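Structural overview
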Amino acid sequence: MDTVTQQAPAIGARVQGGFFGGVIRSNGEIRALIVPPKALGEKAPSIWIPNYKDVPGAKSFHDGMANTRAMAEAGSKLAQWALELTIDGCSDYHIPALDEKEIIYRAFKPTADKNSLWARSGINLSAAEPIWPYTPDFPAQTALDAFRAGGSEAFEADLYWTSTQHAATSLSAWCQGFGDGGQDRWGKGLKLRARAVRSILLSNLAI
């Protein structure tokens, strides 16, 4: 894992299409997560998919692109929006899977609120390095002014959709809270925020 640390830029560094948000292990590869500028890559509250439709191909916790493509094929306008994004010449955006979104929360937590200790919040089996459950004070509020509450790039202290359908019920999908980091399932007809992400091989990241 030392090699991963050495290769990775600083959190928040400007990279291809946005800001570096961390690394994830997906399908045996170490991949860099890139968060696009808020003005271009965040969507107003939207439903996950019409009619609570079951999307069996959208259950990955780490492969948001596969989830998003499955959602789009099933008729999700949210997923279609992400796949149609082109920012700084990059057009491989998707709705992040749950573990992708959790890593982004750790990197860019906007508030100084205590973290949720509910259920699996903070456990991330897809992280490139071990990630443990949250404590009340860790992760702390980001030190990056642009990503702190009220900053130009800040996530809202609100719930954000992930592209991961809940395994136990097709009526729900996972969301990630950006106020306290809480993770939970919500009905797909609920309108929640979304912010796209890119995932590319860490070795291909030009900085």
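So, here is what we can say about the structure in this document. (Residues numbered from 1 in each chain as written. Predicted model: local features only at pLDDT ≥ 70, side-chain atom pairs only at ≥ 80, totals over all residues. Heavy atoms only, no water.)

Helix and strand counts for the protein chain stand at five helices and 10 strands. Relative to the globule expectation of 17 Å for 207 residues, the C-alpha radius of gyration of the protein chain, 15 Å, shows essentially globular dimensions. In terms of overall dimensions, the protein chain has a C-alpha envelope of 45 × 40 × 35 Å along the principal axes. Residues classed as buried in the protein chain amount to 55% of the 207 residues present. Partitioning the intrachain contacts of the protein chain with sequence separation of at least 6 by distance along the chain shows that 65% fall at a separation of at least 24. Counting only carbon and sulfur atoms, one obtains 54% of the accessible surface of the protein chain, whose full area is about 9100 Å². Across the protein chain, 21 positive and 21 negative side-chain charges occur, with their mean positions spaced 4 Å apart. (Helix = DSSP H or I, 4+ residues; strand = E, 2+ residues; numbered from the N terminus. Rg over C-alpha atoms; globule rule 2.2 N^0.38 Å. Buried < 20%, exposed > 50% of the residue type's maximum accessible area, 1.4 Å probe, protein only. Contact = heavy atoms within 4.5 Å. Areas by Shrake-Rupley, 256 points an atom, 1.4 Å probe, with all protein chains shown as cover. Lys, Arg positive; Asp, Glu negative; His and termini not counted. Charge placed at Lys NZ, Arg CZ, Asp CG, Glu CD.)

Let us look at the nonpolar core. Trp48, Val55, Trp81 and Trp161 are the most contacted members of the largest nonpolar core, which has 23 residues in total. Sorting elements by how many residues they give to this core places helix H4 (residues 77-83) first, with four residues. One finds Phe19, Phe147, Phe155 and Tyr160 within the second-largest nonpolar core, a separate group that totals 17 residues. (Core = buried A, V, L, I, M, F, W, Y, C linked by side-chain atoms within 4.5 Å.)

This part is about the side chain of Asn124. Tracing the backbone shows Asn124 in the loop between helix H5 (98-108) and strand E6 (159-165). The exposure class of Asn124 is buried, given its relative accessible area of 4%. Separated by 3.2 Å, the side chain of Asn124 and the backbone nitrogen of Ala127 make a polar contact. Those residues in contact with Asn124 that lie beyond four places of it in its chain are Asp99, Glu102, Ile103 and Ile131. (Polar contact = N/O pair within 3.5 Å; in protein donor to acceptor, adjacent residues only side chain to side chain.)

Okay, the pairing of E6 next. Among the seven residues of E6, six are classified as buried, and the element is accordingly described as predominantly covered. The pairing of E6 with strand E7 (residues 172-177) spans four bridges and is classified as antiparallel. From the neighbouring strand, Gln165 faces E7, where its bridge partner is Ala173. The turn linking E6 back onto E7 is made up of six residues. (Pairing = 2+ DSSP bridges.)

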